[in-house]
Every structure is written in C-alpha cells, then in structure tokens.
Amino acid sequence: MNLVSQLFFLLLISISSFFIIRRVLIIRRNISLAKKPVKVNTNKKTRIKNLLLLAFGQKKMFKKIIPAILHFFLYVGFIIINIEVIEIVIDGLFGTHRIFSELGMPYYNIFISIIEFFVITVLISCVILLVRRNLLTINRFKSRELKGWPTLDANLILIFEIILMLAVITLNTTDLVLQDAKEYPITGEFFFSTNFKSLFDSFSLSTILLVERISWWVHIIGILFFALYITYSKHLHIFLAFPNTYYTDASPLGKMKNMESITNEIKIMRGEKPDNNPTNSITFGAKDIEDLSWKNLLDAYSCSECGRCTSVCPPNITGKKLSPRKIMMDVRDRAEEVGKRKVKKLGDDNKNLVGDYISKEEILACTSCNACVEECPISINPLDIIIEIRRFYALEASQLPQEWNLMMQNIETNFSPWKFPIEDRTKWIDEIK
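Owing to the predicted nature of the structure, the values given are computational and were not obtained by experimental measurement.

A.B. asks: I tried to follow the pattern of salt bridges on my own but got confused; where do I start?
C.D. replies: A side chain of one charge can pair with a side chain of the opposite charge when the charged atoms of the two come close. Counted according to the given criterion, the structure contains 20 salt bridges. Where Lys197 meets Glu189, a salt bridge forms, and the shortest distance between an N and an O atom there is 3.4 Å. Given the relative accessible area of 17%, Lys197 is considered buried. With relative accessibility at 37%, the residue Glu189 sits in the partly exposed group. A salt bridge links Lys295 to Asp299, with the nearest nitrogen and oxygen atoms 2.7 Å apart. On the criterion of helical spacing, the pair formed by Lys295 and Asp299 is a turn pair, its members being four residues apart in helix α10 (residues 294-302). As far as the burial class goes, Lys295 and Asp299 line up, both buried. Via salt bridges that share partners, Asp288, Arg334, Glu337, Asp349 and Lys351 belong to a single interconnected network.

A.B. asks: When you look at the packing of helix α5 (residues 108-134) against helix α6 (residues 149-180) in this model, what are you seeing that I'm missing?
C.D. replies: In a packed pair of helices, the relevant descriptors are the angle between the two axes and the axis-to-axis distance. Two elements in contact, α5 and α6, have axes whose closest approach is 9 Å; the angle formed by their N-to-C orientations is 150 degrees. By the angle class used here, α5 and α6 are roughly antiparallel. The interaxial crossing formed by α5 with α6 has left-handed handedness. Across the interface between the two elements, Ile112, Glu116, Val119, Ile120, Val122, Leu123, Cys126, Val127, Leu129, Leu130, Arg133 and Asn134 from α5 touch Ala154, Asn155, Leu158, Ile159, Glu161, Ile162, Met165, Leu166, Val168, Ile169 and Asn172 from α6.

A.B. asks: Explain helix α1 (residues 3-31) to me, please; I cannot follow it from the model alone.
C.D. replies: Think of an α-helix as turning once every 3.6 residues; residues three or four places apart then point the same way. An ideal rise of 1.5 Å per residue puts 42 Å on 29 residues; α1 measures up with 42 Å between its terminal C-alpha atoms. Gln6, Phe9, Leu12, Ser16, Ile20, Arg23, Ile27, Asn30 and Ile31 are the residues of α1 that are buried. In this fold, the buried residues of α1 make contact with α3 (65-94), α7 (205-229), α10 and α13 (324-344).

A.B. asks: Would you explain unusual backbone geometry in this entry?
C.D. replies: Even without glycine at this site, Lys182 takes up a positive phi of about 65 degrees. Within the element layout of this structure, Lys182 appears in the loop between α6 and α7.

A.B. asks: What exactly am I supposed to notice about the packing of aromatic side chains here?
C.D. replies: Each aromatic ring pair is summarised here by two numbers: the centre-to-centre distance and the angle between the ring planes. Throughout the structure, instances matching the rule amount to 21 aromatic pairs. For the ring pair Phe18 and Phe19, a centre distance of 5.2 Å and an interplane angle of 75 degrees mean the geometry is edge-to-face. Taking 5.2 Å as the distance between ring centres and 75 degrees as the angle between the ring planes, the aromatic pair formed by Phe117 and Phe118 counts as edge-to-face. Relative accessible area serves as the criterion here: at 38%, Phe117 is assigned to the partly exposed category. Classification of Phe118 as buried rests on a relative accessible area of 14%. Aromatic rings pair up to connect Phe8, Phe9, Trp216 and Trp217 into one cluster. Its end group placed over the ring of Tyr232, Arg23 keeps NZ or CZ at 4.2 Å from the ring centre. Against the face of Phe141 rests Arg133, its NZ or CZ located 4.2 Å from the ring centre.

Thresholds, definitions, all that
Residues numbered from 1 in each chain as written. Predicted model: local features only at pLDDT ≥ 70, side-chain atom pairs only at ≥ 80, totals over all residues. Heavy atoms only, no water. Salt bridge = Lys/Arg side-chain N within 4 Å of Asp/Glu carboxyl O. Buried < 20%, exposed > 50% of the residue type's maximum accessible area, 1.4 Å probe, protein only. Helix = DSSP H or I, 4+ residues; strand = E, 2+ residues; numbered from the N terminus. Axes fitted to C-alpha atoms, helices over the stretch in contact; angles between N-to-C directions. Parallel < 35°, antiparallel > 145°, perpendicular 65-115°, else oblique. Left-handed = near helix turned anticlockwise from the far one by under 90°. Contact = heavy atoms within 4.5 Å. Expected span 1.5 Å × (residues − 1). Phe/Tyr/Trp six-rings, centres within 6.5 Å; stacked < 30°, edge-to-face > 60°. Lys NZ or Arg CZ within 6 Å of the ring centre and 35° of its normal.

Just geometry here; none of it tells us what the structure is for.
The structure is reproduced here in structure tokens:
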C-alpha cells in the first residue's frame, strides 16, 4: 500500500470518527433531555448478572429458538469478525499486508479459517432473516408501525452485512490466488476461500490484484459506514443493550413505584421531612419526553423493534391499538425531534409526546400486565412510560373515562371497586356458609 493510500485511509478514519462521535454526543444529549429522576439499582452483583445473562448471554432470545440461533451467529460473528478488522486497520495505517502473519502469528491460516466460518454463518443467517422478514407471514413483522422506513432499515442492515461478508470472502480468495502467484507472502490455505480460487482462473494477475484491493476497500469503507449508520438505526441496540441491561431496575415487575411528588406532599402534611426539596412547579406524570427519565429514553434508543413485546401484549392480540413497540419508537422519534429543535433554538413546536405521538386510546388499553417487559430480550420497560403518561391523563389532564373515575372514587371511599358500604364487604361469606 503506497503513501497516498495510507493518507487517504487515515483521512477516511478521521472523518468517520468525527461523524460517529458527533452522533454519539447527539444521542447522549437527547437522552439527557429527560428530567425525571431515576433511582438506579445499587446492587452491582444483580446489575452485572443482568449484563452477563441478558446482553452477553442473550438468555431471553432463546424463548424463540430459530431466530435465537440466527441472532447468535450474527452476534458471535460480529465479535469474531471484528478481530480481523483490527488487522485491516493496522494494515491501512502502516501500509503493511496481513500484519499478524508478518509478525509470525502461529497458525494464522487457522485463525483466518475460523473467522471465515463465522463469515459464512453470518452470510447464511442474513439471507434467512431476509426471507423471514419479507417472504414469510410473521405477524410481528407486519405491524402498521413498521411500514416505510423501519422495514427498509431492517432490510438495509441485512443487505449491508451480506455485502461485507462477500467482500471478506472475495478478499481472502484473491489473496490466496496472489500468494500462489508469489505476489503476496505465503500464509497457508484458508479453509473456505480456498474452494473459490478456481473462480479466478480466467482472470489476469492485474485484474485479480484490482479485485483484491477493491474488496479490501469495500470491506473497510463498509465497516465505517456501518458504524455510522447504526447510530441512526434500530441496530443501535448492538451497543446500547449493554448499558441498558446493566441499569435495569431489579424490582419485582408487579411493583408500581409511588409518585415522588405526592409522597413528599403527604410527608409534609404529616410534618415529616420530604425525600427531596419540593419545588413549586409540581407536575404529575409525563406529557412530553422531558417528563420521563433518562432510563426511559435509553430504553427507547436501545429498542431493536423486534416486536416480541407487541406479540405478547394482550390488548394488541385482541385488536386494540396499543403496541409497546410503537410506544418505544414514538419516544425515540420525539426525542430526536426535540433534540434537533433545541440545537437550532427553534423554540416550542406546540407538540407533545402525548396526543401528537401517542394517543389516549393506546395508553388506556394497557392492562399493566408486564408481559412486554418480561418478553423483551434486553429488559426494556414500555410499561413505565405508559404508566407515567396515564398518570398525566388522570392527574393533569383529567381525561380518564367516567367509569375509571367512579371505580377510583369507590376505592377511595369504600375500599373496593364496587359501590356498596364497607360493612357489606364480607356478606358474601355468610352466603356460602
């Protein structure tokens, strides 16, 4: 590799790094828009356990065995294949060729053959996943919230990966041909690409060298583009799954958190010291993303839009409008929009998460069963957001259905959802004696 190529490679790395870092900072800024405090689980052993089992071990993925196996190959392949990327980057910066081999790495050809095994499995997995998404009738891939960009995004990332894997195999195959021609140092045969050398028998040496260089550049440019692209894609979960599972609340799923503002108000009425200094501007629930917590927004950016939450949601199954996946997508979209307006100092757009993105019909349909939370592979909690929005409808907007208001009034006065005197609550016992 000549000096011009090295300088171009360095420029490419620098530009890509600039845009990736800028995008990461934008996402961090958007997550920081949330103002609601959140108490992180202080039990580090539990957090590390969640990280190892859910993010690294993909424990929940194996509830559906076929996509779990395909995802496993993608996940492990992503890690293993990127080891070779380290070598490619070093070669690009210093003008070397297969630097690990030049440094005398033992069993280098076996090392590359193992990488090729995962390249092939990733390639096969991507093709199968494309077929599953586009040719098979799988309900969670056909929901209305996936129309347009979400479906295109899922297909694009699979196509990108197929191109990258084909580039690796082509690179290794042409490299072996050039080794046979004494153009490159001998490394030993690579198990898979060796079988494709005959495809280049009719090519001239200069053409093979050109194909090898093109494959090298396609691979590295593709990786850099992929790294930037996923920051705009649902595939951001590749990285955010780890902090998201680490900061997951370990409380029992059925435990509903009390509203801190109301708890403090009650303590003040009792003459007790509140947990935090209360402010004069107390709001209840969430009207927009600023009223949520940073963990809620981290959940939204971590969502892979797999649809497992929606596929087990009782209201959705029975035809209601609620889709936990859509809730997370709406929160992320709103965070992006608010973040852009903050940077451009455009002021209020007279929109809110409530009403403009998420309807009351969706929120009221939720049964608070936690099925979505239990099903999510990386412990995203749509219910926490739904409850906060429902609290807004109840305590700020006063827009709950009349039947709900009567039920809560009965609970407050009669300690039961039904309208009868407290002293009559145990009469049913006499009827069965």
